[in-house]
Amino acid sequence: MARTRLLYVMDPMCSWCWGFAPVADALAEQARAAGVPMHLVAGGLRTGQGASLDPNTRRYILEHWHAVHDATGQPFRFDGALPDGFVYDTEPVCRALVAARSLHEEATWPLVKLIQHAFYAEGRDVTQAAVLVALAETAGIPRIEFAEAFDGAAAHQATAEDFTWVQDLGIAGFPTLLAERDGQLALLTNGYQGLEELAPLLARWLERATHA
């Protein structure tokens, strides 16, 4: 039997992915109703960052945040956002996604949404392991189990493999939504689009994929 699934390539600290979250939610539900699951892939937006944000980069990022808020209505906490000394490294949140996926795949998307809300709407530092462990527990993953997986060599390796897979496909922007049937990939969107554009596209693909 052919494997059929949605592949959502994203980064929990990508602002347009936060803007896309309600759309991704609706599309995941649409696919699930047809018996097609959604599988998350960690994109790696800003990984290996060791230095804190400089003022110009901070200003550039916040301009994106305002654009996402204006376009999508998703909540952002702008007061005190990206404080002095903040290192915008998305590797930890991507590794949290991968660790959750290996333990309880059904909890991966709920955890990602919790991470996004904590970062963008609450201003919490989701690059910190303690914050991620607490959010994982809220998503239904036992603290100790998640913490061990998050710190383990397997999660580091699997996260790097996600990044390589994304780079090898030439995916340069997020969110990216792909539909996979038996190893064949169809691009639904690269970049933000609204539900009114994407739901009919997904419906047509599901019709072909589930009745072929």
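Residues numbered from 1 in each chain as written. Predicted model: local features only at pLDDT ≥ 70, side-chain atom pairs only at ≥ 80, totals over all residues. Heavy atoms only, no water.

In the nomenclature of an unreviewed UniProt entry, the protein chain is known as DsbA family protein of Pseudomonas tohonis.

Moving on: the pattern of salt bridges. Where charged atoms of side chains with opposite charge meet at close range, the side chains can pair. Scanning the model with the defined rule gives 8 salt bridges in all. Two residues, Arg 95 and Glu 91, come together in a salt bridge whose shortest N-O distance is 2.8 Å. Remark: Glu 91 and Arg 95 occur in helix α3 (residues 91–103); sequence separation between them is 4 residues, near one turn of the helix. By relative accessible area, which is 8% here, Arg 95 ends up buried. By relative accessible area, which is 17% here, Glu 91 ends up buried. As a salt-bridge pair, Arg 101 and Asp 162 come within 2.8 Å of each other at their nearest N and O atoms. Placement of Arg 101 in helix α3 and of Asp 162 in helix α7 (residues 153–169) is noted, with a sequence separation of 61 residues between them. Considered together, Arg 101 and Asp 162 belong to a single accessibility category, that of buried residues. Salt bridges linked by common partners bring Arg 3, Arg 5 and Glu 180 together as one network. (Salt bridge = Lys/Arg side-chain N within 4 Å of Asp/Glu carboxyl O. Helix = DSSP H or I, 4+ residues; strand = E, 2+ residues; numbered from the N terminus. Buried < 20%, exposed > 50% of the residue type's maximum accessible area, 1.4 Å probe, protein only.)

Take the packing of α3 against helix α4 (residues 108–121) next. Relative orientation of the contacting elements α3 and α4 amounts to 155°, with a least axis distance of 9 Å. Judged by the inter-axis angle, α3 sits roughly antiparallel to α4. Judged by the sense of rotation from one axis to the other, the crossing of α3 with α4 is right-handed. Touching Val 93, Ala 96, Leu 97, Ala 100 and Arg 101 of α3 are Thr 108, Leu 111, Val 112 and Ile 115, all from α4. Grouping the constituent residues of the contact of α3 with α4 by class yields 7 nonpolar, 1 polar and 1 charged. (Axes fitted to C-alpha atoms, helices over the stretch in contact; angles between N-to-C directions. Parallel < 35°, antiparallel > 145°, perpendicular 65-115°, else oblique. Left-handed = near helix turned anticlockwise from the far one by under 90°. Contact = heavy atoms within 4.5 Å. Nonpolar A, V, L, I, M, F, W, Y, C, P; charged D, E, K, R; others polar.)

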